[in-house]
Amino acid sequence: MTNIPAFAMNSPGPSVQEILEKTNEKVPYPLDFESYKFLGTEDIDFSRYTSREFFQKEMDKMWSRVWQWACREEHIPEPGDYTVYDVGQYSIVVVRTDEGSIKAFYNSCLHRGTKFFHSDTQGAVSQLTCPFHGWTWNLDGSLKKIPNAWDFEHVKAEDLHLPELKVETWGGFVFINMDPDAKPLKEYIAPLDDHFKRWNLADRYIAVHVQKELPCNWKAAAEAFLENYHTQTVHPQLIGSSSSPSTQYDILGDHLSRFYNLTTVPDPVIGRELSEQERLDMALVGDGSMNNPVQVPEGGTARNTLAEMLRKQFAAMDIEVGDLTDAEIIDTMEYTLFPNMFLFPGLSLPMIYRFRPLGMDPDKSLFDLIFLRPVPRSGERPSPPEPIRIGIEDSYTTVPELDPGMAEVYDQDTNNMGLQQLGFYTAKKRGQTLGNYQEVRIRHLHATVDRYLED
Ligand code: FES
Ligand SMILES: [Fe+2]
């Protein structure tokens, strides 16, 4: 790490890498290094979250040019299966063609513009038919039929091919990009592919999918998950097993950052040393699936006891753990792929998040929360569930598929979002002041937005 001012790295630590070294715990690449980058100290102006002009600029210059995941491949396994992906003003139909390839089209008829399908819906069709006058396209986007074609002698079928977006897949996710000149996905996401060599997300399935509407700008929503700084205030039940000063924050690429948190390392605010047994007990607090008390054996640690316990649970669920290390099973590695995808490759908390503008309102966003679990050894992949949609006022505890402990954590996270968005409007001091280390990934998000807006 070079060119980092001393004030930017003054965490009381110890750092993740120092803890691993001290305890002699071997972790594989890419968990064995840190990559902090100092990105400056300027305040982040609140208008970036509230201004309609800024929001429109993001639409015109950023959302229309970035790779973003629209669905999983298993959402559209058969020819004719489609999913509608919406982001702000844009609505995209992703469809499996008769040949088995995946195509993406703008969700708008070439006659008089009507959307083929409602936002965020999915289904199966044999062709794309507009609900207004019945213009119809084949699944590959070629024009099939215009009712009363005699009235349209002035148009040629080849000019009426549905405009296509770029489509690529990675890790079982279908990504789209509206920019015809976009660079290849693999280049855009680098070094994500390299980091995920040991974690194959294509071999996972959607166990739970919850969509919650949020009363804040999409960036404010995402930012609540870019740092672990809020944990001591927002999730006090977690400080025994999650330390903000000991969380590692990495800037990995133009579009990629991560945090790495060692489970069972307590936050120093707890004010005393914890025994290995206490560390283990605190790591299990609020986890409804782990009600039976577990003892740390003589000479064992909270970390390896927890990892062994989870290995047994995964074996009972017919899930292959293979050569995954303790860290890969119990720790929280959160990768953020600009602009809106969060990936957690660890086995114990295998989430995927997505934050996107909801309609054309800078004050609203939609949060997709997915639990992406490994496909059992039998190879049977459960079909993806319909997303459970909950409103701004609804608690995650109303979703029976969610562990109650996790539901509480997500309620805690999302409860502050409306307060923050309203605070942006009433503020006298017109920007947010970020921590140099713990909040550097928020600065990275804004720097990347700016690169698109200024381009
Ligand atoms: S608007 Fe689509 S067929 Fe008329
Ligand atoms: Fe949180």
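Keep in mind that what you see is a predicted model, and the values were worked out from it rather than measured.

Re the pairing of strand β12 (residues 204-214)
For step 1, the next point in the chain: Note that β12 and strand β18 (residues 365-374) share ten bridges and pair antiparallel. Residue pairing across strands places Arg 204 opposite Pro 374, the latter belonging to β18.
For step 2, the next point in the chain: Note that β12 and strand β19 (residues 388-390) share three bridges and pair parallel. Paired with Gln 211 across the two strands is Arg 389, which belongs to β19.

Some remarks on helix α9 (residues 302-316)
Residues lying three or four places apart along an α-helix face the same way, a consequence of the helix completing one turn every 3.6 residues.
For step 1, the next point in the chain: Counted at 1.5 Å a residue, the expected span for α9 with its 15 residues is 21 Å, and the 21 Å between its end C-alpha atoms agrees.
For step 2, the next point in the chain: Those residues of α9 not exposed but buried are Ala 302, Arg 303, Thr 305, Leu 306 and Ala 307.
For step 3, the next point in the chain: Where the residues of α9 are buried, they touch α8 (276-283) and α10 (326-330).

Remarks on the sheet that holds strand β10 (residues 164-170)
For step 1, the next point in the chain: As summarised here, the arrangement of the seven strands in space is β2-β11-β10-β5-β4-β3-β6, forming an open sheet in which the pairing is antiparallel. Both edges of this open sheet fall to β2 (68-72) and β6 (122-124), since each of them pairs with a single strand only. Going from strand to strand, the sheet's axes swing by 30° on average, the running direction of each strand aside.
For step 2, the next point in the chain: Two elements, strand β5 (residues 102-106) and β10, share two bridges in a ladder whose sense is antiparallel. Bridging across to β10, Ala 104 finds its partner in Leu 165.

So, the pairing of strand β14 (residues 256-261)
The side chains of a regular strand alternate, first on one face of the sheet and then on the other.
For step 1, the next point in the chain: The element β14 is largely enclosed, with a buried count of six among its six residues.
For step 2, the next point in the chain: In β14, alternate side chains face the same way, and those of Leu 256, Arg 258 and Tyr 260 on one face and Ser 257, Phe 259 and Asn 261 on the other are all buried.
For step 3, the next point in the chain: Sheet topology note: the strand β13 (residues 248-253)/β14 ladder contains five bridges and is antiparallel. Each residue of the ladder has a partner; that of Gly 253, found in β14, is Leu 256.

Digging into the domain arrangement of the protein chain
For step 1, the next point in the chain: The domain architecture assigned to the protein chain consists of domain 1 (6-52 + 200-454) and domain 2 (68-181).
For step 2, the next point in the chain: Using C-alpha coordinates to define each centre, domain 1 is positioned 34 Å away from domain 2.
For step 3, the next point in the chain: On the domain 2 side, the residues contacting the 14 residues of domain 1 number ten residues.
For step 4, the next point in the chain: Among the elements of the structure, β12 and β17 (351-357) are those that each provide at least two residues to the side of domain 1 that touches domain 2.

About the criteria used
- Numbers given for residues are sequential positions, taken from 1 along each chain in its written order.
- Following the order in which they are written, the chains are lettered starting with A and the ligands numbered starting with 1.
- For a predicted model such as this one, the threshold for reporting local features is a pLDDT of at least 70, and the threshold for listing and counting side-chain atom pairs is 80 or more; totals across whole chains, interfaces and linings nevertheless cover every residue.
- Strands qualify as paired when DSSP identifies two bridges or more between them.
- Comment: elements are numbered from the N terminus, with helices defined as DSSP H or I runs of at least four residues and strands as E runs of at least two.
- An expected span of 1.5 Å times one less than the residue number is assigned to each helix.
- Every C-beta atom is placed from the backbone, and the number of other C-beta atoms within 10 Å of a residue's own sets its class: buried at 20 or more, exposed at 12 or fewer, partly exposed in between.
- Our contact criterion uses C-beta atoms placed from the backbone: two residues qualify when those atoms are within 7 Å.
- Fitting a line to C-alpha atoms yields each axis, with helices limited to the stretch in contact; the angle taken between N-to-C directions then spans 0 to 180 degrees.
- Domain start and stop positions are those given by an automatic or database domain assignment.

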